[in-house]
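An overview of the molecular structure
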Amino acid sequence: MLSFSRALFSAALALVALAVSGEAATCTHPSVRREWRKLSIPERAEWIAAINCLARLPHDDALTPRVDPSISNIPPVNTSGSYWDDIVYIHMDLNTRIHNTGLFFPFHRFYVNAVETAMKERCGYTGAFPYWDWSIDAHDVKNSPLFRESNPISGLGGWGDPAKDFQVQDGGFRHLEVAYPIPHIIRRNFTLQPFLPFAEVPMFTNLTKFANESFTPEVVRDMVNWTPGDFVGFQFSMEYPEGPHASVHFILGGDLSGECPAGSPPDCFPQPTFSANEPLFFFHHAMVDKVWFDWQRKHPDNFWVYKGGSVQNLTSLQALKDWPNGMAPELTLDSVIPADGMFPEVTIRDVMNTTGGYLCYVYE
């Protein structure tokens, strides 16, 4: 009888552990993420309204930076900023931990999902999170339909005005003021050859490259067909310095590329930390996530494969080649994804499967 009671107690503990970890959750009706252009006008308007809603909410004192400022090289938290600014600050603070390390894909999958959840819980958003398939526009990004949507309710707005520090002048984000690195309206500055200024940065080896060459349909197809089981190589095909991930950031310029706004202090230098100011950041990373999603499902060896270090090393081109997605200590599926106190933390394992329970979505 005693052994039976112990067995019952152990089973109960196991169920509690599953519930706490999120593994007991089920995904029976996954949402379907669609490309922005496939959304109806009301669906676009709802997404834009939810982002602007987050930007009207006050700062959340739960935000707790965890990286030494001498490493993150960012300004302190602006407590007069918005909840949207807090979301951005997570990316700023964790920048050196989530790029060129094994956290790149898992963190950004988690991050987009966390923003979608905040949109739903705090602002009543009812849709699925959209993505921007930039490969469709690679031939002519400047004239993409996305940047010709001037409607103040359902449009993303166009390129910024050079006479006004490239601040966006139309669309639903024309009044979106962000706090970092200093208060300003979001900016976009189309830049076809963004790598030219990086002659002194050893990791950049193709300075004259046109950014749109890095995210064509052929490039996306090659990534999805990447060597089965080679997670490190697959990540590097997305994240190498002139690769698809960086090129989309840089071709849009302004906030997405980390350009310092006019009036910034002298110690502000271009960096990707505050790129999440731009709502299109999350479109972009939903597409990055979709490429991973598609690769995971391309071959059985891809779905659960994972490997990466926790320490970024960009000290030289050789270091990047030696540790393309981070140095030791090694991360594992049970490593925790940091969230700076803003969202419940989960493990890498929790985000490997987008229909595993913690996550519940697919891409069309």
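See the structure printed just above.
From a predicted model like this one, the values you see are computed outputs, not experimental measurements. (Residues numbered from 1 in each chain as written. Predicted model: local features only at pLDDT ≥ 70, side-chain atom pairs only at ≥ 80, totals over all residues. Heavy atoms only, no water.)

Some details on the packing of aromatic side chains
The full count for this structure, using the stated rule, is 32 aromatic pairs. Aromatic pair phenylalanine 231 and tyrosine 306: ring centres 5.2 Å apart, planes at 55°, arrangement tilted. Of this pair, phenylalanine 231 sits in helix H8 (residues 231–239) while tyrosine 306 is found in the loop between helix H10 (280–296) and strand S4 (309–311), placing the two residues 75 residues apart along the sequence. Relative to tryptophan 295, the ring of phenylalanine 234 lies with its centre 4.3 Å away and its plane at 5°, an arrangement referred to as stacked. Of this pair, phenylalanine 234 sits in helix H8 while tryptophan 295 sits in helix H10; the two residues are 61 residues apart in sequence, bridging distant segments of the chain. Exposure class is identical for phenylalanine 234 and tryptophan 295. Each is buried. Taken together through their ring pairs, the aromatic side chains of Phe104, Phe105, Phe231, Phe234, Trp292, Trp295 and Tyr306 make up a single cluster. (Phe/Tyr/Trp six-rings, centres within 6.5 Å; stacked < 30°, edge-to-face > 60°. Helix = DSSP H or I, 4+ residues; strand = E, 2+ residues; numbered from the N terminus. Buried < 20%, exposed > 50% of the residue type's maximum accessible area, 1.4 Å probe, protein only.)

What to know about the pattern of salt bridges
Scanning the entire structure with this criterion turns up 17 salt bridges. A salt bridge links arginine 66 to aspartate 340, with the shortest nitrogen-to-oxygen separation between them at 3.6 Å. Within this pair, whereas arginine 66 is found in the loop between helix H2 (41–56) and helix H3 (69–72), its partner aspartate 340 is found in the loop between strand S5 (327–330) and helix H12 (348–352), the two being separated by 274 residues in sequence. Overall, arginine 66 belongs to the partly exposed group, its relative accessible area being 39%. Residue class for aspartate 340 comes out buried when judged on its relative accessible area of 0%. (Salt bridge = Lys/Arg side-chain N within 4 Å of Asp/Glu carboxyl O.)

Things to note about the nonpolar core
Trp47, Phe282 and Phe343 are the most contacted members of the largest nonpolar core, which totals 92 residues. Counting residues per element, this core draws most heavily on H10, at 11 residues. Dropping the residues within four chain positions of it, phenylalanine 282 is found in contact with Trp84, Ile87, Tyr111, Val112, Val115, Phe129 and Ala276. (Core = buried A, V, L, I, M, F, W, Y, C linked by side-chain atoms within 4.5 Å. Contact = heavy atoms within 4.5 Å.)

Quick notes on the layout of surface pockets
Size it by volume and the largest pocket reaches roughly 990 Å³. Along the wall of the largest pocket there are 34 residues; nearest its centre are Phe204, Phe250, Pro270, Gln271 and Pro272. When contributions to the lining of the largest pocket are tallied by element, the ones reaching two or more residues are H3, helix H5 (95–98) and helix H9 (244–252). Here the element with the most residues in the lining of the largest pocket is H9; it accounts for four residues. Looking at the lining of the largest pocket residue by residue, the classes come out as 16 nonpolar, 16 polar and two charged. (1 Å grid on protein atoms, 1.4 Å probe; cavity = no way out; pocket = protein on both sides within 12 Å on 5 of 7 lines; lining within 4 Å. Points joined across faces, edges and corners; volume = space filled by probe spheres on them. Nonpolar A, V, L, I, M, F, W, Y, C, P; charged D, E, K, R; others polar.)

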